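# Secondary and tertiary structure notes
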Amino acid sequence: MRLFGNARYRFIEARRKAYVFSAVVLVIALASMVANIVLIGSWQNYGVDFTGGSLVQVRFDEAMDAAELRSALGGAQAPPITSIGNEGNEFVIRAPLAEDREVEAVALEIRGQIQGAFPNSDIEVVRTELVGPKIGAELQQKAALAILFSFALTLIYLAIRFEFRFGVAAVIATVHDSLITLGFLALFRVEIALPTVAAILTIIGYSLNDTIVVFDRVRENLNAKGGRRDDPVALVNRSINETLPRTVLTSGTTLGVLMALLIFGGAVIRDFTTVLILGVLVGTYSSIFVASPALLEIQRRWGTKDLVEAQRGGPRGPVSGTPPSRRPGKRKKRGRKGRRVAGARA
Amino acid sequence: MLKSLRGRIIFIAVILGICGYYIYANGLKLGLDLQGGMHLVVEIDDPDGTLTDEARADAIDRAETVLRTRIDELGVEEPLIQKVGSDRIIVELAGISDENQAKDVIRRAAFLEFKLVRSWVDFAPDLPRIDRVIVATLGADSLSSLGRDVQAPTSSIEELLFGATSEEGDSPAAEEGGAEAGEDAAVDAEAEQVAQDDAAEAEEDDSAVLSPFTALLNQGSEDGVYLVAEEDVEAAELFLSIPEVQRAMPRDISLQWGMEPVGLTGRIYRQLYVLNEDAFITGQMLENAVSARDQQFNTPQVQFELSRRGGRRFAEVTGQNVGEFLAIVLDGEVVSAPVIRDRIGARGQIELGGSTLQEASDLALVLRAGALPAPLRIMEERTVGPSLGQDSVDQGRIAGMIGLVLVVLIMCTYYRVAGVLSVFALGVYVVLVLGGLAMFGATLTVPGIAGLILSVGMAVDANVLIFERIREELDAGRAVRTAVEDGFGNALSAIVDANLTTLITALILFQFGTGPVRGFAVTLSIGILASFFTALYVTRSFFFIYLSRKRATDPISI
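Computed from a predicted structure; not experimentally measured. (Residues numbered from 1 in each chain as written. Chains lettered and ligands numbered in written order. Predicted model: local features only at pLDDT ≥ 70, side-chain atom pairs only at ≥ 80, totals over all residues.)

### Comments concerning the overall build of chain B
Along chain B, the regular secondary structure elements total 17 helices and 18 strands. Of the contacts made within chain B by residues no fewer than 6 positions apart, 72% connect residues no fewer than 24 positions apart. (Helix = DSSP H or I, 4+ residues; strand = E, 2+ residues; numbered from the N terminus. Contact = placed C-beta atoms within 7 Å.)

### Brief notes about the overall build of chain A
Within chain A, the regular secondary structure consists of ten helices and four strands. Along chain A, helices (α) and strands (β) appear in the sequence α-α-β-α-β-β-α-β-α-α-α-α-α-α when read from the amino end. For chain A, buried positions account for 45% of its 346 residues. Within chain A, counting contacts between residues at least 6 apart in sequence, those at least 24 apart form 75% of the total. (Buried ≥ 20, exposed ≤ 12 C-beta atoms within 10 Å, placed from the backbone.)

### Some details on unusual backbone geometry
With a phi close to 50°, Arg-189 of chain A is a non-glycine residue in the positive phi region. Looking at the secondary structure, you find Arg-189 of chain A in the loop between helix H6 (164-187) and helix H7 (194-223). Here Arg-189 of chain A falls in the partly exposed class, since 14 other C-beta atoms lie within 10 Å of it. Located in the positive-phi region is Arg-416 of chain B, a residue other than glycine, with phi close to 55°. With respect to the secondary-structure elements, Arg-416 of chain B resides in helix H14 (residues 386-439).

### Describing the pairing of strand E14 (residues 326-330) of chain B
All names here are of chain B. Of all the five residues making up E14, five are buried; the element is thus mostly covered by neighbouring parts of the structure. Of the two faces of E14, the one lined by Leu-326, Ile-328 and Leu-330 and the one lined by Ala-327 and Val-329 are each fully buried. For strand E5 (residues 112-116) and E14, the ladder comprises five bridges, and the chain directions are antiparallel. From the neighbouring strand, Glu-113 faces E14, where its bridge partner is Val-329. Counting the residues in the hairpin turn of E14 and strand E15 (residues 333-336) gives two residues, including Asp-331, whose phi is positive at 50°. (Pairing = 2+ DSSP bridges.)

### Comments concerning H6 of chain A
Residue and element names in this part refer to chain A. For H6, with 24 residues, the first-to-last C-alpha span of 34 Å sits near the 34 Å given by 1.5 Å per residue. With 18 of its 24 residues buried, H6 lies for the most part within the structure. Positive phi appears at Arg-189, one or two residues downstream of H6, with a value of about 50°. (Expected span 1.5 Å × (residues − 1).)

### Remarks on the confidence of the model for chain A
Residue and element names in this part refer to chain A. On average, residues of chain A score 80 in pLDDT, and 86% of them reach the 70 mark or higher. The least confident element of chain A, judged by mean pLDDT, is helix H10 (residues 307-311) at 45; the most confident is helix H1 (residues 15-40) at 94. Counting interchain partners and residues more than four positions distant, the pLDDT-below-50 stretch residues 305-346 has 78 contacts. (pLDDT = per-residue confidence, 0-100.)

### Topic: the sheet that holds E15 of chain B
Residues and elements named next belong to chain B. Spatially, four strands are ordered E11-E5-E14-E15 in an open sheet, and the strand pairing comes out antiparallel. At either margin of the open sheet sits one strand with a lone partner, and together these are strand E11 (281-282) and E15. Relative to E15, E14 runs antiparallel, the two being bridged by three bridges. Among the inter-strand pairings, Ile-328 is bridged to a residue of E15, identified as Ser-336.

### Quick notes on the environment of Pro-375 of chain B
Counting through the fold element by element, Pro-375 of chain B comes out in the loop between helix H13 (357-369) and strand E17 (376-384). Once residues lying within four places of it in the same chain are set aside, the contact partners of Pro-375 of chain B are Asp-45 and Ala-109 of chain B.

### A short note on the interface of chain A and chain B
In this assembly, 58 residues from chain A lie in contact with 56 residues from chain B. Elements with a minimum of two residues in the side of chain A that touches chain B: strand E4 (123-131), helix H5 (133-161), H7, helix H8 (232-264) and helix H9 (270-302) of chain A. Broken down by element, the side of chain A that touches chain B gets its largest block of residues, 13 residues, from H7 of chain A. Counted by class, the side of chain A that touches chain B contains 31 nonpolar, 16 polar and eleven charged residues. Summarising the sheet, E4 of chain A and E17 of chain B pair through five bridges and their orientation is antiparallel. Counted as the bridge partner of Val-131 of chain A is Glu-380 of chain B from E17 of chain B. (Nonpolar A, V, L, I, M, F, W, Y, C, P; charged D, E, K, R; others polar.)

### Overview of the packing of helix H4 (residues 99-107) of chain B against H13 of chain B
Residue and element names in this part refer to chain B. Running from amino to carboxyl end, H4 crosses H13 at an angle of 35°, the nearest separation of the two axes being 10 Å. Here H4 runs over H13; the crossing is right-handed. In contact with Gln-101, Asp-104 and Val-105 of H4, H13 contributes Asp-362, Leu-365 and Val-366. Class assignment for the residues of the contact of H4 with H13 results in three nonpolar, one polar and two charged. (Axes fitted to C-alpha atoms, helices over the stretch in contact; angles between N-to-C directions. Left-handed = near helix turned anticlockwise from the far one by under 90°.)

### Re the environment of Ile-203 of chain A
All names here are of chain A. Within the secondary structure, Ile-203 is located in helix H7. Exposure remark for Ile-203: the 24 C-beta atoms within 10 Å place this residue in the buried category. Sequence separation of Ile-203 and Ile-277 is 74 residues, and the distance between their C-alpha atoms is 8.9 Å. Ile-203 has contacts with Asp-177, Thr-181, Leu-276, Gly-279 and Gly-283, leaving out every residue within four places of it along the chain.

### Quick look at the sheet that holds strand E4 (residues 88-94) of chain B
Strand order in the open sheet made by the eight strands is E2(A)-E3(A)-E1(A)-E4(A)-E17(B)-E2(B)-E4(B)-E3(B), with antiparallel pairing throughout. Edge positions in the open sheet fall to strand E2 (81-84) of chain A together with strand E3 (80-84) of chain B, since each of these has one partner strand only. Neighbour-to-neighbour, the strand axes of this sheet turn through a mean angle of 20°, independent of strand direction. One ladder, built from seven bridges, connects strand E2 (residues 37-44) of chain B with E4 of chain B; its direction is antiparallel. Looking at E4 of chain B, one finds that Glu-43 of chain B is bridged to Arg-88 of chain B. Relative to E3 of chain B, helix H3 (residues 53-74) of chain B is tilted by about 175°, and along the sheet it contacts E2, E3, E4 and E17 of chain B.

Spelled out as structure tokens, the structure:
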């Protein structure tokens, strides 16, 4: 079986459409964040992990009406209640940090109120989380640091293994993916918990992974005999098309596994999996439509006239002026007739 | 040797054997979110920042030791007690049944002191000064907002502010209080005394209205013990917490609350003891403590044994103070204050009237384990019930199975025999990851399971990269063996770069993450390393086996 065996799609030529698409999505993402700042006072719906506060997850022995539970916890003043699971008997109650009160007291009060209101039900408190304000603030800082660090280290790694502009293009694509993911989280006000940060970082990893496979092919085609004289657009197009079967298959398999996780994995990791699925989709899209065009744009605007001069130590541009990459592995001359994309500069 | 086919097979078998041994011997540690349990982050409670960094670091070191001893005595299996940074301790207790008991045992400072009870007479002269300080510091507004608590009507407070002396003698509130108490007085002689004192106090001195603190104190039957009505306790605590008041206290005296409230004539009182500032015995001189039942009254008690030095000191002080009261102070509260009937040696007991035997044995436990150098505050607490954990394990297992089956199906349909080879390699991969987890003693958490399943997806990626390259080589007309060789060679750089960047992300996660996120990072890292080895060595070996059964000219199924 073979999918996209001899694909010759003109991805790069379609880049302007992709730019518009990305721009629209990014604007929605940013608008959601701004809207959140106005409406809920924070750009993301930070969970207990980050704001501090208490979370109590209770399980009743039979299905329970959320409204009933809400009225038991004080009606309009009740803390936010979310029903989880499919049986309607499990609820998560989140109480924000109350001034002058220990988080513990708040959680105890919630438990007491529920037990008092439903004396006949068998109630099990299956999970409690109490986070002090200091811990929460530290976590926010740490999460931001973690993301920035991963960008920086990746940039350095790619600059060493490839060329600096490859690193920049990959980071642009990754920032693009992170922003869209964060925008999605903001738009649907998905609660940001610790695993969500793990999910965002995994997306960064995955998106890079995907981009690197394409870039690896670009690097290889560049270093192949005559590659430096090729039309850059055609060369990048060819690289994307050559890696397309792998891209589709890997993304498909990963998505399949994630779907299994989403459907059967239980409520605790549902948000986590949703974020990952979105990340895989966006990561795949961006490696083709963001990272690769970005590579060309960087070269066109800030690089020297073409890749040949940059590689041969000709006049060095400010961006591509890093040492030429090592040639990984032994390479052989290969016939690529009939594979080339007729690549007029777009 | 390893280059040869047999060598490769032996090497893979050995690795599998090692992994199998570790899985068998160590088992997989399930995280708290999977097996249920409690995760606590505690910190030295020092809101005013009075401790120096050194003192804090020292305190946290000692607290860690104390906690370890206490938790060991609690009988939790494989507890994790870990110092984080210079001022925090993470405590993870798997599968505990009573979280509140655990929290109490952890948080309890267990600072035990024996102090002599002083007489009212020693303290009374200082009361007016303390009252003046309170009035001067808090001002009229705050005092009037306390209302009834100061037992003075607003008008009196205003007069007090403007420096006018009260003409009304005693305040209506005090009168009312006296009358109220007077009615009940017949019931109880002691209460009568309380009421009389109450009224007398109010009458004997104009300054009763100017004395917010004194007005709250009632003298009971025991010398050196004030009674404060339950509803006034808050106000009294507020007054005593003012730094200026603390400075105004006599140097050698400290006021400390009784642990249990007492009921007298239908009203609830808390005892406020006048104690010697210095303790003549502290918990450090404690040698042993066990819980027991009082043989006469069947009430729980804690029997203790002092060190030789402590025993001598105890005997000396009790010998000199026969007939006086001895306060047993635990964490700043007076547990009991029995009268010293005789000289006592190295052994004694603490009576715990209304408590359960469980509480007595908890107290004995914390006393044995030693006192915390400073009180601890719980900063973060996560508890997962065992049933939720079991659900997560079950769901993770099902999702993992389905995901794996899906991967197997996709690979076998798309790559035929080569796909089957990669599925076998994937089997090796799973054993490697589980073995790695067992070897490093990593704990499997809910995000960890997700990370594991995700890394399965990524392990497939390496195989896909290789197979695509082999197909390309075959398309270009290469001979089968060359095509396979080149396929692996050409895919190498992409696999290395892709895996290393993911590894970078995982390491950062490990560095910045806590708890479940760390678990995720560890699982992901092990997964990446395993996928690296599987793709480049195991799949390749399987390919060699496959090729060795064919003639060089036969086509391969890929």
